[in-house]
Amino acid sequence: GINEALSRLFTSVNIGCKTYTSGEEFIQEQSQKDGCIILDIRLKGANGIVLQEEIQQKTNMPIIFLTGHGNIQMAVKAMKKGAFDFLTKPFNNQELIDKVKLAIKTNKDKSILIKENKKVGEKLKTLTPRETEILTAIAEGKQTKQIAASIGISINTAQIHRANLMKKMQAKNLGELINMVIKHKSLKH
């Protein structure tokens, strides 16, 4: 019954959905990489927390738990294991729709950031040790004159290295370059 109700709800707001009668059925048939998974704690076969772990090994789709048997301890456990949200029945239809839309958007944004971060990492690998040294100094806010003096090269040579690293990093200006480096470092940690 809940599968049919959720299917009608999402279809009514133009959100495509597919329902499954068990976690095992989902795992076997799961080929979709985009979207959001709505999962119950109590399922035929494996419980929702165990299934959450299996799903997270196969996909990065966000998981929203929707259950009538939830308690704070279960919610905390699910959230610590990476669930996007935990709602209890009875639930507000609009709240669920909003949570699903937010989960999908957040996951897409995260995927874009991961792809951008990977590209920045690949660009960083093309830098020479000297260019990397200069990039680090630029990210620390040092001026070309200071960089040249600190590593014992001429200002002209420092400018050439800076121009080369800007080209390799495909940065239009120093602000964009620094932003790339900061985002890359924050996503690595």
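Report on the accompanying structure.

Cut-offs used in this document
Residues numbered from 1 in each chain as written. Predicted model: local features only at pLDDT ≥ 70, side-chain atom pairs only at ≥ 80, totals over all residues. Heavy atoms only, no water. Helix = DSSP H or I, 4+ residues; strand = E, 2+ residues; numbered from the N terminus. Buried < 20%, exposed > 50% of the residue type's maximum accessible area, 1.4 Å probe, protein only. Contact = heavy atoms within 4.5 Å. Areas by Shrake-Rupley, 256 points an atom, 1.4 Å probe, with all protein chains shown as cover. Lys, Arg positive; Asp, Glu negative; His and termini not counted. Charge placed at Lys NZ, Arg CZ, Asp CG, Glu CD. Core = buried A, V, L, I, M, F, W, Y, C linked by side-chain atoms within 4.5 Å. Polar contact = N/O pair within 3.5 Å; in protein donor to acceptor, adjacent residues only side chain to side chain. Pairing = 2+ DSSP bridges. Axes fitted to C-alpha atoms, helices over the stretch in contact; angles between N-to-C directions. Parallel < 35°, antiparallel > 145°, perpendicular 65-115°, else oblique. Left-handed = near helix turned anticlockwise from the far one by under 90°. Nonpolar A, V, L, I, M, F, W, Y, C, P; charged D, E, K, R; others polar.

Quick notes on the overall build of the protein
Item 1. Regarding its fold elements, the protein presents nine helices and three strands.
Item 2. In sequence order, the secondary structure elements of the protein are arranged as α-α-β-α-β-α-β-α-α-α-α-α.
Item 3. Within the span of the protein, comprising 189 residues, buried residues form 33% of the whole.
Item 4. Put simply, 56% of the contacts in the protein that link residues at least 6 apart link residues at least 24 apart.
Item 5. In the form shown here, the protein has an accessible surface area of approximately 11,900 Å², with 53% of it arising from carbon and sulfur atoms.
Item 6. Across the protein, 30 positive and 18 negative side-chain charges occur, with their mean positions spaced 7 Å apart.

Some words on the nonpolar core
Item 1. By size, the foremost hydrophobic cluster in this structure holds 18 residues, and its most contacted members are Ile134, Leu135, Ile147, Ile153, Leu165, Met169 and Leu177.
Item 2. Only helix H6 (129-139), helix H7 (144-151), helix H8 (155-169) and helix H9 (174-188) provide two or more residues apiece to this core.
Item 3. Contact partners of Leu165, with chain neighbours within four places excluded, come to Leu127, Glu131, Ile134, Leu135 and Leu177.
Item 4. Membership of the second largest hydrophobic core comes to 16 residues, among which are Ile27, Ile49, Ile63 and Ala78.

Regarding the environment of Asp98
Item 1. Inspection of the secondary structure assignment puts Asp98 in helix H5 (residues 93-125).
Item 2. Separated by 78 residues in sequence, Asp98 and Tyr20 have C-alpha atoms that sit 22 Å apart.
Item 3. Among the polar contacts made by the side chain of Asp98, one reaches the side chain of Gln94 at a distance of 2.8 Å.

Describing the pairing of strand E2 (residues 63-67)
Item 1. Burial analysis of E2 places five of its five residues in the buried class, which makes it a mostly covered element.
Item 2. Pairing analysis gives three bridges linking strand E1 (residues 37-39) to E2, with the strands arranged parallel. The residue bridging Leu39 from the neighbouring strand is Phe65, located in E2.
Item 3. Here E2 runs beside strand E3 (residues 85-88); their pairing, made up of four bridges, is parallel. Bridging from a neighbouring strand, Leu66 pairs with Leu87 of E3.

Side note on the sheet that holds E3
Sheets are built from strands that pair by backbone hydrogen bonding, the pairs being arranged parallel or antiparallel.
Item 1. If you trace the three strands from one edge of the open sheet to the other, you get E1-E2-E3, paired in parallel fashion. Among the strands making up the open sheet, the edge pair consists of E1 and E3. Averaged over all pairs of adjacent strands, the angle between their axes in this sheet comes to 25°, without regard to strand direction.
Item 2. Here helix H3 (residues 48-58) sits on the sheet in contact with E1 and E2, set at roughly 165° to E2.
Item 3. On top of the sheet, helix H4 (residues 72-80) reaches E2 and E3; it is set at about 155° to E3, its chief contact.

Quick look at the packing of H7 against H8
Item 1. Two elements in contact, H7 and H8, have axes whose closest approach is 9 Å; the angle formed by their N-to-C orientations is 110°. Between H7 and H8, the angle is such that the two are roughly perpendicular. Like other packed secondary-structure pairs, H7 and H8 cross with a definite hand, here right-handed. Mapping the contact onto sequence places Thr144, Lys145 and Ala148 in H7 and Ile155, Ala158, Gln159 and Arg162 in H8.
Item 2. Looking at side-chain class alone, the contact of H7 with H8 contains three nonpolar, two polar and two charged residues.

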